[in-house]
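Residue-level structural notes
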There are 2 protein chains.
Amino acid sequence: MATRTLSVKSVIDAGAALAREKGLPALGVRALAARLKVTPMALYRHLPDGDALSSAVLDALLLELPVLPAAGKPLDQLRAWATDARAMLRTCGGLAHHLLLHWFELPRALEVVESLLGAAEQLGFKGFEAVAASNAVFTYVLMRVQLEESLRKANVLQRKLPALRGLPRLAKNAAEYRVARVDAHFEYGLNLLIEGLDRRS
Amino acid sequence: MATRTLSVKSVIDAGAALAREKGLPALGVRALAARLKVTPMALYRHLPDGDALSSAVLDALLLELPVLPAAGKPLDQLRAWATDARAMLRTCGGLAHHLLLHWFELPRALEVVESLLGAAEQLGFKGFEAVAASNAVFTYVLMRVQLEESLRKANVLQRKLPALRGLPRLAKNAAEYRVARVDAHFEYGLNLLIEGLDRRS
DNA sequence: ACCTGAACACCGTTCAAGT
DNA sequence: ACCTGAACACCGTTCAAGT
């Protein structure tokens, strides 16, 4: 058969490549059409609209979301997943946000939540508390990644602080605030979470 | 003197009213100009561009950010602030996001962080740990509000779950997932955080 | 069935002109 | 100094036409 120039798969694959290279905001209908050397309207044969394009691309990229390590103590599993998932989600802006909104529709994400729930149950949590505990870890990682993306995009990872008169504690710790220490704060917050879970278990 | 039709203040005030009524996305240059019965270009006399408009409006709205209650045990102060701040930030979409990016430039926010640091010091934290502890509470509240806004906007507070074959724990707790229980999860996550802080103090 | 081309609606914004 | 009006660049998208 004659190879048509486009297909749903080729559009999404090209979209994924574009998103990886230049970020999700660069994934526009016109931009992707130009990359495929095709008219913008050609894409509408294969996808309903621009949002469906972004959504399909993000779904595809999220197939690589890491799952829980099979072995280890529950709290160690949770900590390891948090670190792995954060690393993966940082590879392309918008992944964390999409996952926060659509995890319950994505097979891979459902698997992850299932195993987070498993860890929570091993810690002795049941019902709402098991859900809330696994949710706390899941959303913590995703929200943090989203925050880091926002800080980077807005160019406020490094800050010029104003005068701190009347704010002695901030002044004393000013060095800690001039650069957003996102790695250290991610880990500290994760530790608080884990210790909270440990105490309740 | 003749009352000019516009001024920086009148533009920002009208922008704040528009944002409160119809949300931040409705705060466009053209929309605000229409509300002020003026040409879009008239606004550029008073503000450099559309981003400056949003930013100034959000700065203005954030003057009402609550501060820490003066009295009480440190952990109770933190918990109370978290609840109050969440309530205020929910009044207009985009506030939490703006605060996450620009707190260090906003006098009121600096006051808040100063007093969060005070609570952390009362718990016995010093240096990086005091900063990280107060930051954990501060960002937790802001990130959660942002998440709730996203869920609302994307219309996924109520979900139609897919088949959960092979996912026994999700299936068992499906009722917990059909509606995003944002209030309960906010509180649970906050409790984990507070208990983590308590344990470390 | 698949793709093209011209056009429209909607942004923010620049530039030149009015008063 | 302040505001208007026309125009431009950039989106996504509809519609009619080509093959």
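Model, not experiment: these values are computed from the prediction. (Residues numbered from 1 in each chain as written. Chains lettered and ligands numbered in written order. Predicted model: local features only at pLDDT ≥ 70, side-chain atom pairs only at ≥ 80, totals over all residues. Heavy atoms only, no water.)

A word on the protein's contact with DNA strand D. Around DNA strand D sit 16 residues in total, of which Arg30, Met41 and Tyr44 of chain A together with Thr5 and Arg45 of chain B are the nearest. Protein-proximal atoms of DNA strand D, defined as those within 4 Å of the protein, fall in sugar or phosphate at a share of 49%. Between DNA strand D and the protein, one listed contact pairs a base nitrogen with a side-chain N or O atom of Arg30 of chain A at 2.3 Å. Those elements giving two or more residues to the surface near DNA strand D turn out to be helix H2 (29-35) of chain A together with helix H3 (40-43) of chain B. Each residue belonging to the surface near DNA strand D can be placed in one class, and the counts come to 7 nonpolar, 5 polar and 4 charged. (Near = heavy atom within 4 Å. Polar contact = N/O pair within 3.5 Å; in protein donor to acceptor, adjacent residues only side chain to side chain. Helix = DSSP H or I, 4+ residues; strand = E, 2+ residues; numbered from the N terminus. Nonpolar A, V, L, I, M, F, W, Y, C, P; charged D, E, K, R; others polar.)

In this section: unusual backbone geometry. The backbone of Asn155 of chain A shows a phi angle near 60°, a positive value even though the residue is not glycine. With respect to the element layout, Asn155 of chain A can be found in the loop between helix H8 (127-153) and helix H9 (168-172).

With that settled, the discussion passes to the relation of the copies chain A and chain B. The operation relating the pair of chain copies consists of a rotation about an axis and a translation along that axis. Turning chain A through 180° and shifting it by 0.0 Å along the axis lays it on chain B, with an RMSD of 0.0 Å. Here the copies are linked by what is in effect a two-fold axis. Of every C-alpha in chain A, the one belonging to Gly196 of chain A sits nearest the axis of rotation, 2.2 Å from it. A share of 100% of interface residues in chain A that are also interface residues in chain B marks the association as one of identical surfaces. (Least-squares fit on C-alpha atoms with pLDDT ≥ 70 in both. Contact = heavy atoms within 4.5 Å.)

Moving on, we come to the packing of aromatic side chains. Residues and elements named next belong to chain B. If you walk through the whole model with that rule in mind, you get 12 aromatic pairs over all chains. Ring centres of Trp81 and Phe138 lie 5.9 Å apart, and the angle between their planes is 20°; this geometry places the pair in the stacked category. With Trp81 in helix H5 (residues 74-89) and Phe138 in helix H8 (residues 127-153), the pair connects residues that are 57 residues apart, well separated along the chain. Residue class for Trp81 comes out buried when judged on its relative accessible area of 0%. (Phe/Tyr/Trp six-rings, centres within 6.5 Å; stacked < 30°, edge-to-face > 60°. Buried < 20%, exposed > 50% of the residue type's maximum accessible area, 1.4 Å probe, protein only.)

This part covers the protein's contact with DNA strand C. The immediate surroundings of DNA strand C are formed by 16 residues, with Thr5 and His46 of chain A together with Arg30, Met41 and Tyr44 of chain B found nearest. A distance of 2.9 Å separates a phosphate oxygen of DNA strand C from a polar backbone atom of Gly50 of chain B. Of all the elements in the fold, those that place two or more residues in the surface near DNA strand C are helix H3 (40-43) of chain A together with helix H2 (29-35) of chain B. Class assignment for the residues of the surface near DNA strand C results in 7 nonpolar, 5 polar and 4 charged.

Under the counting rule described, the total for this entry stands at 28 salt bridges over all chains. When the shortest N-O distance is used, the salt bridge between Arg90 of chain A and Asp183 of chain A registers 3.9 Å. Residue Arg90 of chain A is located in the loop between helix H5 (74-89) and helix H6 (95-102), and its partner Asp183 of chain A is located in helix H11 (residues 182-200); the two are separated by 93 residues in the primary sequence. With its nearest N and O atoms 3.9 Å apart, the salt bridge here joins Glu121 of chain B to Arg169 of chain A. Within this pair, whereas Glu121 of chain B is found in helix H7 (residues 107-122), its partner Arg169 of chain A is found in helix H9, the two belonging to separate chains. Classification of Arg169 of chain A by relative accessible area gives partly exposed; the value is 29%. Because the salt bridges share partners, they merge into one network encompassing Arg86, Arg90, Glu148 and Asp183 of chain A. (Salt bridge = Lys/Arg side-chain N within 4 Å of Asp/Glu carboxyl O.)

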